[in-house]
Protein chains: 2
Amino acid sequence: MDRIPILKLGDCLLVSIQVDMHDRLAISLQDDLTERINKDRARGVLIDISALEIVDSFIGRMLSNIAAMARVLDARTVVVGMRPAVAITLVELGLSLEGVATALNVERGMELILSLTGRKRLLAGELNHNARRKE
Amino acid sequence: MDRIPILKLGDCLLVSIQVDMHDRLAISLQDDLTERINKDRARGVLIDISALEIVDSFIGRMLSNIAAMARVLDARTVVVGMRPAVAITLVELGLSLEGVATALNVERGMELILSLTGRKRLLAGELNHNARRKE
């Protein structure tokens, strides 16, 4: 696979990282994401890493780079779905995901992006609300 | 990677298929999805195949199986993000994705699930609406 798919959800973009990242794939992801932020006027980028068993310094730097690039394009980046073991390893290795916000799952990530971008209408909150309504 | 991550969006589940499927992975995806439909009381399953360059009879059968399993658990399945070339090949090969609805992208897929499940409140419509509001 040469590209990681980018999905549009409202004014957020969602990326689910499932494959081993290498230099070229990381660069094409950064290119694609910045282009899509621009084209789709996205306010947020959600990066799901629930499939990753290891976050090393390469992945950490890539996430920080994406967050920095998105930031100058006026979009916030939230990493979601981090496994507990990954969080432990990150802290033990002293890796900080600089400039990267984290949230438990996609819905909470969307809520965080909305609060970071200062909008009142809680898109993700509505999602939860709707889910509860039907029960 | 041993598992494909399943993301929850409101009362839909989203799966992005990015890796080559093999028997064991397909079975574990079916197991995980049925379990999550049950646990999260999901009404819809969105399967993004925008990363797939080929949909052969194996993938086609897997998608049909997932749709059939979801259906008996009262959830609808929509395949989104099919590449034009994949659509052409499917028709040329005479493969029909039996029981599987398709939509252009995730947002339209969510709209379709809402209309299939007969709910009036358009969740995905709200997503679009919010995206337009801010422009």
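Residues numbered from 1 in each chain as written. Chains lettered and ligands numbered in written order. Predicted model: local features only at pLDDT ≥ 70, side-chain atom pairs only at ≥ 80, totals over all residues. Heavy atoms only, no water.

Undergrad: So what about the nonpolar core? Which residues, and what values?
TA: It is characteristic of soluble globular proteins that their nonpolar side chains tend to be buried jointly. Within the largest apolar cluster, 60 residues are counted, with the highest numbers of intra-cluster contacts made by Ile17, Met21 and Leu29 of chain A together with Ile17, Met21 and Leu29 of chain B. Excluding its chain neighbours within four sequence positions, the residues that come into contact with Met21 of chain B are Ile4, Ala26, Leu29, Phe58, Ile59 and Met62 of chain B. (Core = buried A, V, L, I, M, F, W, Y, C linked by side-chain atoms within 4.5 Å. Buried < 20%, exposed > 50% of the residue type's maximum accessible area, 1.4 Å probe, protein only. Contact = heavy atoms within 4.5 Å.)

Undergrad: I'd love a proper account of the pairing of strand E3 (residues 44-48) of chain A, names of residues and values included.
TA: Residues and elements named next belong to chain A. Counting buried residues in E3 gives five out of five residues, a clear majority hidden from the surface. Burial of E3 is two-sided: the residues Gly44, Leu46 and Asp48 facing one way and the residues Val45 and Ile47 facing the other way are all buried. Inspection of the sheet shows strand E2 (residues 12-16) paired to E3 by five bridges, in the parallel sense. Opposite Leu14, over in E3, you have Leu46 as the bridge partner. Read from E2 through helix H1 (residues 23-40) to E3, the crossover connection turns out right-handed. Note that E3 and strand E4 (residues 76-80) share five bridges and pair parallel. When the bridges of E4 are listed, Asp48 appears paired with Val80. Regarding topology, helix H2 (residues 57-72) serves as the crossover connection from E3 to the parallel E4, and that connection is right-handed. (Helix = DSSP H or I, 4+ residues; strand = E, 2+ residues; numbered from the N terminus. Pairing = 2+ DSSP bridges. Right-handed = clockwise from strand over helix to strand, strands pointing away.)

Undergrad: Explain the pattern of salt bridges to me, and be specific about the residues and the numbers.
TA: A full pass over the atoms with the stated rule returns eight salt bridges over all chains. One salt bridge connects Lys8 of chain B with Glu107 of chain A, and the closest N-O pair in it is separated by 3.7 Å. Of the two residues, Lys8 of chain B is situated in strand E1 (residues 6-9) and Glu107 of chain A in helix H4 (residues 106-116); the pairing between them involves two chains. A salt bridge links Asp40 of chain B to Arg36 of chain B; the nearest nitrogen and oxygen atoms lie 2.7 Å apart. Placement of the pair is Asp40 of chain B and Arg36 of chain B together in helix H1 (residues 23-40), with a separation of four residues, close to one helical turn. Its relative accessible area of 22% is what places Arg36 of chain B among the partly exposed residues. (Salt bridge = Lys/Arg side-chain N within 4 Å of Asp/Glu carboxyl O.)

Undergrad: Now, about the confidence of the model for chain A: what can you tell me, with residues and values included?
TA: All names here are of chain A. Looking at chain A, the pLDDT average stands at 87 and 87% of residues meet or exceed 70. In the model, residues 122-126 has pLDDT below 50 throughout and makes 15 contacts with residues more than four positions away in sequence or in other chains. In the predicted structure, residues 128-135 sits below a pLDDT of 50 and forms 14 contacts with residues beyond four places in sequence or in another chain. As a predicted assembly, this complex carries a pTM of 0.84 together with an ipTM value of 0.80. (pLDDT = per-residue confidence, 0-100.)

Undergrad: Describe in detail the sheet that holds strand E5 (residues 101-103) of chain B, supporting the description with residues and values.
TA: Strand pairing within a sheet occurs via backbone hydrogen bonds; the two strands may be parallel or antiparallel. All names here are of chain B. Pairing in this open sheet of five strands is mixed, and the strands run E1-E2-E3-E4-E5 from one edge to the other. Across the chains shown, the open sheet's two edge strands, defined by having one partner strand only, are E1 and E5. On average, adjacent strands in this sheet sit at an angle of 30 degrees to one another, irrespective of strand direction. Set on the sheet, H1 makes contact with E1, strand E2 (12-16) and strand E3 (44-48); between it and E2 the angle comes to about 160 degrees. (Axes fitted to C-alpha atoms, helices over the stretch in contact; angles between N-to-C directions.)

Undergrad: Help me get a handle on the pairing of E4 of chain A, residues and values and all.
TA: Residues and elements named next belong to chain A. Within E4, four of the five residues are buried, which leaves it mostly tucked inside the rest of the structure. For E4 and strand E5 (residues 101-103), the ladder comprises three bridges, and the chain directions are parallel. Within E5, the residue paired with Val80 across the bridge is Ala103. This β-α-β element, E4 to helix H3 (residues 84-93) to E5, shows right-handed connectivity.

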